[in-house]
Amino acid sequence: QEKVQQSPESLIVPEGAMVSLNCSFSDSASQSIWWYQQHPGKGPKALISIFSNGNKKEGRLTVYLNRASLHVSLHIKDSQPSDSAVYLCAVSIGAGAKLTFGGGTRLTVRP
Amino acid sequence: DAGVTQTPRHEVAEKGQTIILKCEPVSGHNDLFWYRQTKIQGLELLSYFRSKSLMEDGGAFKDRFKAEMLNSSFSTLKIQPTEPKDSAVYLCASSLYNERLFFGHGTKLSVL
């Protein structure tokens, strides 16, 4: 069974800082990796996904995937207080839409 | 906003009761998921439907948890009988043949 581990568990940064979140997974045959953002009292919201080795940039977000080391990271540039949320890494297993989620990283951005 | 709708937002039940949670997926989506979220276990998959067919029923959750998809626009999750350890947030999500899931706000269940 796929295992997804995230680090750190929590992170506090000042506004404007660069944020780096990490995720490791166990199955090299994993399809896509997704990052979701979850604010209190809300369901997770998809932010960005990656399939191929390398990086992908969307706005202030950049995601890096290294399949050899089974590791993916999410970087948030110029962090804002509104970025304060729990960030979930999710990995798909095989064909179809089934995802396995990591435990999440709680990010707090101080004004 | 025609996103995923879950009702009720909060549910309080006595141990042993039967509760039914409801979900309306995004119109046109063919995948529907039920997840349970707790601080300790995180997000756990309970059930997965594709085009109304049950694809996965969550293994360890089979005995007291039953999800049904009555039509393409409505699903229910029944917990019978409830136990205090079932206290959690229950999330419904839908997608269209891909992995980008759209989640509802969830139902917070408290079992006394």
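Note: the structure precedes this text.
Residues numbered from 1 in each chain as written. Chains lettered and ligands numbered in written order. Predicted model: local features only at pLDDT ≥ 70, side-chain atom pairs only at ≥ 80, totals over all residues. Heavy atoms only, no water.

Caption draft 1: Molecular detail of the overall build of chain A. When you go through chain A residue by residue, the secondary structure sums to zero helices and 11 strands. Seen in sequence order, chain A has helices and strands lined up from the N terminus as β-β-β-β-β-β-β-β-β-β-β. A globule of 111 residues ought to have a C-alpha radius of gyration of about 13 Å, and chain A, at 13 Å, matches this closely. The C-alpha extent of chain A, read off along each of the three principal axes, is 40 × 30 × 20 Å. Counting all 111 residues of chain A, 48% fall into the buried class. The long-range fraction of contacts in chain A, counting pairs at least 24 apart against all pairs at least 6 apart in sequence, stands at 54%. Surface summary for chain A: the accessible area is close to 5300 Å², and the carbon and sulfur share equals 50%. For chain A, the separation between the mean place of its 11 positive charges and that of its 7 negative charges on side chains is 3 Å. (Helix = DSSP H or I, 4+ residues; strand = E, 2+ residues; numbered from the N terminus. Rg over C-alpha atoms; globule rule 2.2 N^0.38 Å. Buried < 20%, exposed > 50% of the residue type's maximum accessible area, 1.4 Å probe, protein only. Contact = heavy atoms within 4.5 Å. Areas by Shrake-Rupley, 256 points an atom, 1.4 Å probe, with all protein chains shown as cover. Lys, Arg positive; Asp, Glu negative; His and termini not counted. Charge placed at Lys NZ, Arg CZ, Asp CG, Glu CD.)

Caption draft 2: Layout of the overall build of chain B. For chain B, the count of helices and strands is zero helices and 11 strands. Secondary structure elements of chain B, listed N to C terminal, follow the sequence β-β-β-β-β-β-β-β-β-β-β. Relative to its length of 112 residues, chain B is compact, with a C-alpha radius of gyration of 13 Å against a globular reference of 13 Å. Oriented by its inertia axes, the alpha-carbon framework of chain B measures out at about 35 × 30 × 25 Å. When the 112 residues of chain B are sorted by exposure, 46% land in the buried category.

Caption draft 3: Quick look at the interface of chain A and chain B. Between chain A and chain B, the residue contacts involve 17 residues of the former and 19 residues of the latter. Roughly 1500 Å² of surface becomes buried between chain A and chain B when both sides are summed, with 54% attributable to carbon and sulfur atoms. Where chain A meets chain B, there are zero salt bridges. At the boundary of chain A and chain B, one finds four residue pairs in polar contact (both at pLDDT 80 or more). For the side of chain A that touches chain B, the elements supplying multiple residues, two or more each, are strand S4 (33-38), strand S9 (85-92) and strand S10 (99-101) of chain A. (Buried area = accessible area lost by both parts, 1.4 Å probe. Salt bridge = Lys/Arg side-chain N within 4 Å of Asp/Glu carboxyl O. Polar contact = N/O pair within 3.5 Å; in protein donor to acceptor, adjacent residues only side chain to side chain.)

Caption draft 4: Highlighting the state of the cysteines. Residues and elements named next belong to chain B. All told, the structure shown has two disulfides over all chains when counted by the stated rule. One disulfide bridge connects Cys 23 with Cys 92, the sulfur atoms lying 1.9 Å from each other. Sign of the S-S torsion, about -70 degrees for the bond between Cys 23 and Cys 92, identifies this disulfide as left-handed. Placement of the pair is Cys 23 in strand S3 (residues 19-24) and Cys 92 in strand S9 (residues 88-95), with a sequence separation of 69 residues. Neither Cys 23 nor Cys 92 differs from the other in exposure class; each is buried. (Disulfide = S-S within 2.5 Å.)

Caption draft 5: Just the packing of aromatic side chains, in detail. Within the structure shown, the criterion is met by nine aromatic pairs over all chains. Each ring, one from A:Tyr36 and one from B:Phe103, has its centre 5.9 Å from the other, and the planes form 90 degrees; the classification is edge-to-face. Residue A:Tyr36 is found in strand S4, and its partner B:Phe103 is found in strand S10 (residues 102-103); the two belong to separate chains. The same class applies to A:Tyr36 and to B:Phe103, which are both buried. Grouped by ring-pair contacts, the aromatic residues A:Trp34, A:Tyr36, A:Phe101, B:Phe33, B:Tyr35, B:Tyr48 and B:Phe103 constitute a single cluster. Sitting over the face of the ring of A:Phe51, A:Arg67 holds its NZ or CZ atom 5.3 Å from the ring centroid. (Phe/Tyr/Trp six-rings, centres within 6.5 Å; stacked < 30°, edge-to-face > 60°. Lys NZ or Arg CZ within 6 Å of the ring centre and 35° of its normal.)

Caption draft 6: Representation of the sheet that holds strand S7 (residues 61-66) of chain A in the model. All names here are of chain A. Taking strand neighbours across the sheet as the criterion, the five strands line up as S1-S3-S8-S7-S6 in an open arrangement whose pairing is antiparallel. Only two strands of the sheet have a single partner each, and these edge strands are strand S1 (4-7) and strand S6 (54-58). Each neighbouring strand pair of the sheet contributes to a mean axis angle of 15 degrees, computed without reference to strand direction. Direction of pairing for strand S3 (residues 19-25) relative to strand S8 (residues 71-76): antiparallel, over a ladder of six bridges. Each bridged residue has a counterpart across the sheet, and for Val 19 the counterpart in S8 is Ile 76. (Pairing = 2+ DSSP bridges. Axes fitted to C-alpha atoms, helices over the stretch in contact; angles between N-to-C directions.)

Caption draft 7: Examining the environment of A:Lys3 more closely. All names here are of chain A. In this fold, Lys 3 is placed in the segment before S1. According to the relative accessible area criterion, Lys 3 is exposed, its value standing at 53%. Sequence separation of Lys 3 and Ser 26 is 23 residues, and the distance between their C-alpha atoms is 5.4 Å. If we ignore the near neighbours within four places in the chain, the residues touching Lys 3 are Ser 24, Phe 25 and Ser 26.

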